[in-house]
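Chain by chain, the residues:
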Amino acid sequence: MAFKLNGSPLAVDVAFKTSDGTQYPANWLRLSTADEKTALGITEVADDPVYDSRFYWGNGTAKTLTDTNEVDKNGDPILDSNGDQVVTLGVKSVLKAQEKDIAGSLLARYDWYVVRKAEKSTAIPTAISTYRDGVRTACTTRETEINNCADTAALVTLYGSTEKDGVYTPNMTQYPDDPNS
């Protein structure tokens, strides 16, 4: 909650002065009762909503889910310096690219096994091979889950979790556990 005095915001844990010159200490807003605040003319106002920037602009408007071919004011395609259409990536494309980055970083820590196999014909341990296959499968599944979301609300739900008996379970397919952790 935010506080206002005579329409001006009051910061919590900051000393303030009323219009009659009375000085109040920094902790007064935390320690005072609602009645004491009201007696001074202090009002509580709801904090501005905070939106998940992956899915919404700062004002709460949902971001575009699909890619957009940019056009000028005449409706003509905007081209980059190579003559290619300028495309603004939608939320789904951004999220899928992030999933590829995550999978790439999970795989990278065990790439040396693949190099060793290619150079020395030394077998990749089964646990590592299984883990790497699981990362690739999870990434593909997560991308499909993103693609299957029809709207922003579905994406928000996908990236959330479900609570049952005090246990929270992610709604999205999870990457496998690292075999060495």
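Before any of the text, the structure's been laid out above.
Quick look at the structure, then.

Procedures and definitions
- Residues numbered from 1 in each chain as written.
- Predicted model: local features only at pLDDT ≥ 70, side-chain atom pairs only at ≥ 80, totals over all residues.
- Heavy atoms only, no water.
- Salt bridge = Lys/Arg side-chain N within 4 Å of Asp/Glu carboxyl O.
- Helix = DSSP H or I, 4+ residues; strand = E, 2+ residues; numbered from the N terminus.
- Core = buried A, V, L, I, M, F, W, Y, C linked by side-chain atoms within 4.5 Å.
- Buried < 20%, exposed > 50% of the residue type's maximum accessible area, 1.4 Å probe, protein only.
- Contact = heavy atoms within 4.5 Å.
- Lys, Arg positive; Asp, Glu negative; His and termini not counted.
- Expected span 1.5 Å × (residues − 1).
- Axes fitted to C-alpha atoms, helices over the stretch in contact; angles between N-to-C directions.
- Parallel < 35°, antiparallel > 145°, perpendicular 65-115°, else oblique.
- Nonpolar A, V, L, I, M, F, W, Y, C, P; charged D, E, K, R; others polar.

**Remarks on the pattern of salt bridges**
Per the stated rule, a full pass over the model turns up seven salt bridges. For arginine 109, the salt bridge is made with aspartate 178, and the minimal N-O distance between the two is 2.8 Å. In this pair, arginine 109 is assigned in the loop between helix H3 (91-108) and helix H4 (111-120) and aspartate 178 in the segment after strand S9 (167-170), connecting sequence segments 69 residues apart. The salt bridge involving arginine 136 is made with aspartate 133; its shortest N-O contact spans 2.7 Å. Residue arginine 136 and its partner aspartate 133 are both found in helix H5 (residues 126-147); the two are separated by three residues, about one turn of the helix.

**Describing the nonpolar core**
Within soluble globular proteins, side chains that are nonpolar generally end up buried alongside one another. Residues Ala103, Leu106, Leu107, Tyr110, Tyr113, Ile128, Tyr131, Val135, Ala138, Cys139 and Tyr175 constitute the largest nonpolar core, which totals eleven residues. Of all the elements in the fold, those that place two or more residues in this core are H3 and H5. By residue number, the principal contributor to this core is H5, which donates five residues. In this structure leucine 106 touches Tyr131, Val135 and Tyr175, once residues within four positions along its chain are discounted. By size, the runner-up hydrophobic cluster in this structure holds nine residues, among which are Leu65, Leu95, Cys149 and Met172.

**A word on the side chain of lysine 92**
Relative to the helices and strands, lysine 92 resides in helix H3. Buried charge lysine 92 goes without a salt bridge, the closest partner of opposite sign being aspartate 151 at 8.6 Å. Those residues in contact with lysine 92 that sit more than four places away from it in its chain are Leu65, Ile146, Asn147, Cys149 and Leu155.

**Here we look at unusual backbone geometry**
Peptide bonds are, in most cases, trans, and in most cases residues other than glycine have a negative phi. You will see that asparagine 6, though not glycine, has its phi angle at about 55°, which is positive. Here asparagine 6 is to be found in the loop between strand S1 (2-5) and strand S2 (8-10). We note that aspartate 165 has phi near 55°; this positive angle belongs to a residue other than glycine.

**A few points about the environment of glutamate 44**
One can find glutamate 44 in strand S5 (residues 42-45). We classify glutamate 44 as partly exposed; its relative accessible area is 43%. The spacing of glutamate 44 and lysine 117 is 73 residues in sequence and 65 Å in space, taken between C-alpha atoms. Residues within four places of glutamate 44 in sequence aside, it is in contact with Met1, Ala2 and Phe3.

**Brief notes about H3**
Helix length check: H3, at 18 residues, gives a terminal C-alpha distance of 26 Å against a target of 26 Å (1.5 Å per residue), a fit within 8%. For H3, the complete set of buried residues consists of Val91, Lys92, Ser93, Leu95, Lys96, Glu99, Ala103, Leu106 and Leu107. Where H3 is buried, its residues touch H4, H5 and helix H6 (152-158).

**Observations concerning the packing of H3 against H5**
In the contact formed by H3 and H5, the axes pass within 10 Å of each other and the chain directions differ by 175°. Taken together, the axis directions place H3 and H5 in an arrangement best described as roughly antiparallel. Here H3 contributes Lys92, Leu95, Lys96, Glu99, Lys100, Ala103, Leu106 and Leu107 to the contact with H5, which in turn contributes Tyr131, Arg132, Val135, Arg136, Cys139, Arg142, Glu143, Ile146 and Asn147. Within the contact of H3 with H5, the residues separate by chemical class into eight nonpolar, one polar and eight charged.

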